[in-house]
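Report on the structure
In case you want the letters, here they are:
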Amino acid sequence: MLLPVSGTSCGVYHPYKYLGERNPRCDDISRLMMDFKNEGHRNYQRAINRFSQLAIETVRGLRIPGRPHEYFVEHPFSIAVVPSHTAGRVSPALIEVAERIVRVYRCGDVNCCLERFRSVPSAHREGGDRSITGHMSTIRVIGGNLHGRNVLLLDDVKTTGGSLSACFYLLESAGAGVIIPLSLLKTANYEE
């Protein structure tokens, strides 16, 4: 059984609705994520700017696991983006964030090596399957050789971590080196 992988996030996401009611904890950064996910929203570019800034600041402090004195960005790395639930689609906003990260940390590159080859219902809107194995059966690694290459695995919101974990395991199977999962926001767990 595959376990969810842990990772780093740049902040906390408080859904607009919780238990069918308007969530009083829904804050500015959470509302900005909804703009980030929708190219038609008037604050779309503002959302990309803010999440790029948060990601760049967070990536700066990431360290190589097991080597606490080495920063991730001191070594060559690729950024892989977790694909959306629609086959062949990757969030253009996430690609833009990835491109801005590598403009700052020049030993990185954006590698669109993860592809959703079969659409799945949206976990957020349609209550789709959030299991790791469910995602692994619809995503594949494509393109260049990742063998030994360090990878920053970028996602927008981590709720259960199913898609992020699936991509982690797929990259691991493809021979990637150190894989650091990073979500822009992590959904708040009100049961803790």
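Residues numbered from 1 in each chain as written. Predicted model: local features only at pLDDT ≥ 70, side-chain atom pairs only at ≥ 80, totals over all residues. Heavy atoms only, no water.

**Regarding the overall build of the protein**
The condition that has to hold: Helical segments are the DSSP runs of H or I of at least four residues, strand segments are the runs of E of at least two, and each set is numbered from the N terminus. Computation of the radius of gyration draws on C-alpha atoms, with the globule rule given as 2.2 Å multiplied by the number of residues to the power 0.38. Note on exposure labels: buried denotes an accessible area under 20% of the residue type's maximum, exposed denotes more than 50%, and partly exposed covers the range between, all computed with a 1.4 Å probe on protein chains only. Contact definition: two residues touch when any of their heavy atoms are within 4.5 Å. Charge convention: Lys and Arg are scored as positive, Asp and Glu as negative, and His as well as the terminal groups of each chain are ignored. Here the site of a charge means NZ on Lys, CZ on Arg, CG on Asp, or CD on Glu.
Scanning the protein for helices and strands turns up six helices and twelve strands. For 192 residues, the compact-globule formula gives about 16 Å, and the C-alpha radius of gyration of the protein, at 16 Å, lands near that figure. Scored against the burial criterion, the 192 residues of the protein give a buried share of 48%. Partitioning the intrachain contacts of the protein with sequence separation of at least 6 by distance along the chain shows that 73% fall at a separation of at least 24. Here the protein contributes 23 positively and 19 negatively charged side chains, and the mean placements of these two sets differ by 2 Å.

**Focus: the environment of Val-157**
Following the sequence through the fold, Val-157 ends up in strand 11 (residues 150-158). Those residues in contact with Val-157 that sit more than four places away from it in its chain are Tyr-13, Met-33, Lys-37, Leu-185 and Thr-187.

**What to know about the nonpolar core**
Operational definition: Nonpolar core, defined: a set of buried Ala, Val, Leu, Ile, Met, Phe, Trp, Tyr and Cys residues in which side-chain atoms within 4.5 Å join the residues together.
Within the largest apolar cluster, 37 residues are counted, with the highest numbers of intra-cluster contacts made by Phe-36, Phe-51, Phe-72, Ile-101, Leu-152 and Leu-184. Breaking this core down by element, the ones donating at least two residues are helix 1 (28-36), helix 2 (44-60), strand 7 (77-81), helix 3 (92-104), strand 11 and strand 12 (179-187). Counting residues per element, this core draws most heavily on helix 2, which supplies eight residues. When neighbours within four sequence positions are excluded, Leu-184 is seen to be in contact with Ser-9, Cys-10, Gly-11, Met-33, Phe-36, Phe-51, Ala-55, Leu-94, Val-97, Leu-154, Asp-155 and Asp-156.

**With respect to helix 2**
Note the threshold: Helix span, as expected, comes to 1.5 Å for every residue beyond the first.
Spanning 17 residues, helix 2 covers 24 Å between terminal C-alpha atoms, matching the ideal 24 Å at 1.5 Å per step. All buried positions along helix 2 are accounted for by Tyr-44, Ala-47, Ile-48, Phe-51, Ser-52, Leu-54, Ala-55, Ile-56, Thr-58 and Val-59.

Such coordinate-based values are descriptive only and should not be taken to indicate function.
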